[in-house]
Amino acid sequence: MHELSITRHNELIDPTLHIWSWQIPVYLFIGGLIAGMMIISGYFLLKGRAREAKCTCFQLPILSIIILSLGMLALFLDLEHKFYFWRLYTTFQVTSPMSWGAWILLLVYPALILNLLLRVPVFILNRIPQLGKISEKMNAHPSTIKGIATLNITLGLMLGAYTGILLSTLTGRPLWNSSVLGFLFLASGLSSAAAFVHMIAKTAHERDILTKADNGFLTLELVIVAFFFIGLLTSSASHKAAADLLLTGPFAAVFWVFVIGIGMVIPLFIQSLAIKNKIKHTVVAPIMVLVGGILLRFVFVYAGQYSHWLIHAGLFK
Amino acid sequence: MAKFGMVIDTTKCVGCMDCVVACKTENNVPEGFNRAWIVEDVMGKYPDLHMEIRSERCNHCEEAPCVDVCPTGASHYSDIGEVVLIDHDECIGCKACIAACPYDARFIHPDGYADKCDFCFHRTSKGKNPACVDVCPTHSIHFGDLDDPDSEVSKLLKSRKYHVRIPEAGTKPKIFYLT
């Protein structure tokens, strides 16, 4: 028998860590979603679809700016020392993914605004007609469009990966000590973005491309999840115990049913039928993917905080 | 360059919590929070039991994950003694340091910034002992310069068996427990 008793009972730390509530998973989901949307929008632009009137790529920048701002608001709400947030921008800490993230986000906004200027939304154009001329000049040079597309894809990749790397560098929580988290969150962000864009796409052609892409991302996600567990299960006892939180422990039901089942496997199946024209494209599968994407962040953030190097921690605290 | 560390004799500690109380008084630690705490670690099966009592606090790790992940540099090593400190005016309260610490040594102060043991830096930077060391009735807590081979802590580590908390996390703690 091994029994530990402790006299400490700090708020949010004991009995089990719970410093991050809904704000962080919501932000991580939105960060991934926007990353995916930037990559998809950039891909469409690179494919020369800027000439098509109905290309969804023109709706994505304005939607990204609005949704990302909501995510930033969630992030701000999480801060405990809110009015010192500007301290993020008086320094750059190379070992801190959060510092990287702060600077990446600062670059993401201008990149989205440049993308937006390629086709200024009507409601903005009505107020600032001069933007139309800028837009015309930008569209006159294919290299400008290519440059904006490449910038959005690069920053999208960085934004999507950083949300996962952020967790994986937090030494104290064994569940997060996996370098594949960066790839997992990026793949999940791409999958969520493909599902989201599918829901707003105006042409059957686009819906078809996005469904195929989403199936690719979902398959990739399942492979990365497998790699994630192989990594933890072959590591220390603490890491194995952390993996068990998701595999068989208190988070197993929501993980298997919602994240893997409803979020990945079932939409993969539905979308495969749609690609083969056996059923019509509907919003059912994309909604499932989005629900799975947000719950993936919730499960990882909550279970990660629950995991501990001392595998008896859940018992003694 | 000095490297401050602590050596705690678990064979002398009786778990009286004088260190815990002294810490709260010395540092005005807010109600409901602790910078130092006592752990009772019992192993075996009755009647063959072994108990170790430990006075625990921030380990002031040489490779502190809380310093690495801090996005603003608020968590840093002091010039004197390589103590892990938090600059309150730089802390944004993101809590990454709390998640990064394997020892759960940190908490959010009611004023919004991350807080924890600072080895009573206001005392130790002037050559005094931390409050917990001076009040310990069994003299089980020792404080000093680990880089100085003639310091009391260095001598104890040379002559006695010891362990550190969760060495597998790779943080190189500077609090050593004599057994």
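Each value, and the rule that gives it
Residues numbered from 1 in each chain as written. Chains lettered and ligands numbered in written order. Predicted model: local features only at pLDDT ≥ 70, side-chain atom pairs only at ≥ 80, totals over all residues. Helix = DSSP H or I, 4+ residues; strand = E, 2+ residues; numbered from the N terminus. Rg over C-alpha atoms; globule rule 2.2 N^0.38 Å. Buried ≥ 20, exposed ≤ 12 C-beta atoms within 10 Å, placed from the backbone. Contact = placed C-beta atoms within 7 Å. Pairing = 2+ DSSP bridges. Axes fitted to C-alpha atoms, helices over the stretch in contact; angles between N-to-C directions. pLDDT = per-residue confidence, 0-100. Core = buried A, V, L, I, M, F, W, Y, C linked by C-beta atoms within 7 Å. Expected span 1.5 Å × (residues − 1).

Glancing now at the overall build of chain A. Counting its secondary structure elements, chain A contains 12 helices and 1 strand. The linear arrangement of helices and strands in chain A, starting from the amino end, is β-α-α-α-α-α-α-α-α-α-α-α-α. The C-alpha atoms of chain A give 21 Å as radius of gyration, which agrees with the globular expectation for 317 residues (20 Å, within 12%). Expressed along its principal axes, the backbone C-alpha trace of chain A runs to roughly 75 × 55 × 30 Å. Here chain A holds 317 residues, and the buried ones make up 49% of them. Within chain A, contacts between residues separated by at least 24 positions form 74% of all contacts whose residues are at least 6 apart in sequence.

Another aspect to go through is the overall build of chain B. Looking only at helices and strands, one finds 6 helices and 10 strands in chain B. Here chain B has a C-alpha radius of gyration of 16 Å; the compact-globule value for 179 residues is 16 Å, and the two agree. Taking the principal axes of the C-alpha coordinates as reference, chain B spans close to 50 × 40 × 35 Å. Burial status across chain B gives 49% buried among its 179 residues. A separation of at least 24 residues holds for 56% of the contacts in chain B among residues at least 6 apart in sequence.

An order of 1(A)-2(B)-3(B) is seen for the 3 strands of this open sheet, with the pairing classed as antiparallel. Each having just a single partner strand, strand 1 (2-6) of chain A together with strand 3 (48-56) of chain B make up the two edges of the open sheet. When strand polarity is set aside, the average angle formed by the axes of neighbouring strands in this sheet is 15°. Sheet topology note: the strand 1 of chain A/strand 2 (residues 37-45) of chain B ladder contains 5 bridges and is antiparallel. Looking at strand 2 of chain B, one finds that Ser-5 of chain A is bridged to Glu-40 of chain B.

Residue and element names in this part refer to chain B. Taken across its 5 residues, strand 8 (residues 141-145) has 4 buried, putting it largely inside the fold. Taken together, the 5 bridges between strand 1 (residues 4-9) and strand 8 define a ladder with antiparallel strand orientation. Bridging across to strand 8, Ile-8 finds its partner in Ile-141.

Taken residue by residue, the interface counts 37 residues in chain A and 43 residues in chain B. Secondary-structure elements contributing two or more residues to the side of chain A that touches chain B are strand 1 and helix 3 (97-117) of chain A. The element best represented in the side of chain A that touches chain B is strand 1 of chain A, accounting for 5 residues.

Another aspect to go through is the environment of Ile-8 of chain B. All names here are of chain B. In this structure, Ile-8 sits in strand 1. The spatial distance from the C-alpha of Ile-8 to the C-alpha of Ser-140 is 5.5 Å, given a sequence separation of 132 residues. When residues no more than four places from it in sequence are discounted, the contact partners of Ile-8 are Cys-13, Arg-54, Ser-55, Ser-140, Ile-141, Ile-175, Tyr-177 and Leu-178.

Below, the discussion takes up the confidence of the model for chain A. All names here are of chain A. Scored by pLDDT, chain A has a mean of 94; 98% of the residues are at 70 or more. In the model of chain A, helix 12 (residues 313-316) stands out as the element of lowest mean pLDDT, 44, in contrast to helix 11 (residues 284-306), which has the highest, 98. Every residue in residues 313-317 is under pLDDT 50, and counting partners more than four places away or in other chains gives 10 contacts.

A few words on the sheet that holds strand 1 of chain B. All names here are of chain B. Strand order in the open sheet formed by 4 strands is 8-1-10-9, and the pairing between neighbours is mixed. Unpaired on one side and paired on the other, strand 8 and strand 9 (162-163) mark the two borders of the sheet. Packing against the sheet, helix 6 (residues 152-159) makes contact with strand 1, strand 8, strand 9 and strand 10 (175-178), and its axis sits at approximately 110° to strand 8.

Our focus in this paragraph is the nonpolar core. Ranked by internal contacts, the top residues of the largest apolar core, which has 145 residues, are Met-37, Leu-184, Ala-194, Val-197 and Val-299 of chain A together with Cys-66 and Cys-97 of chain B. Tallying contributions element by element places helix 1 (residues 23-46) of chain A first for this core, with 15 residues. The contact partners of Cys-97 of chain B, leaving out residues within four places of it in the chain, are Cys-66, Val-69, Cys-70, Ser-75, Arg-106 and Ala-114 of chain B.

Time to look at unusual backbone geometry. Residue Pro-15 of chain A is bonded to the preceding Asp-14 of chain A through a cis peptide linkage, with omega at 0°. Summarising the element assignment, Pro-15 of chain A is placed in the loop between strand 1 and helix 1. The omega torsion across Tyr-46 of chain B and Pro-47 of chain B is 5°, close enough to zero to call that bond cis. Along the chain, Pro-47 of chain B turns up in the loop between strand 2 and strand 3.

The next subject is helix 7 (residues 181-200) of chain A. The terminal C-alpha atoms of helix 7 of chain A lie 28 Å apart, and with 20 residues this matches the ideal 28 Å at 1.5 Å per residue to within 8%. Within helix 7 of chain A, 18 of the 20 residues are buried, which leaves the element mostly enclosed by the surrounding structure.

Residue and element names in this part refer to chain A. Taking 1.5 Å per residue, 21 residues should reach 30 Å; helix 3 reaches 30 Å between its end C-alpha atoms and fits that length. Every buried residue of helix 3 is listed here: Pro-97, Ser-99, Gly-101, Ala-102, Leu-105, Val-108, Ala-111, Leu-112, Asn-115 and Leu-116. Among the structural elements, helix 1, helix 2 (60-78) and helix 6 (142-168) are those in contact with the buried residues of helix 3.

Below, the discussion takes up the pairing of strand 1 of chain B. All names here are of chain B. Where burial is concerned, most of strand 1 is hidden: 6 out of the 6 residues are buried. What you see with strand 1 is no split at all: Phe-4, Met-6 and Ile-8 on one side and Gly-5, Val-7 and Asp-9 on the other are buried throughout. Relative to strand 10, strand 1 is paired through 4 bridges, and the arrangement is parallel. Bridging across to strand 10, Val-7 finds its partner in Phe-176.

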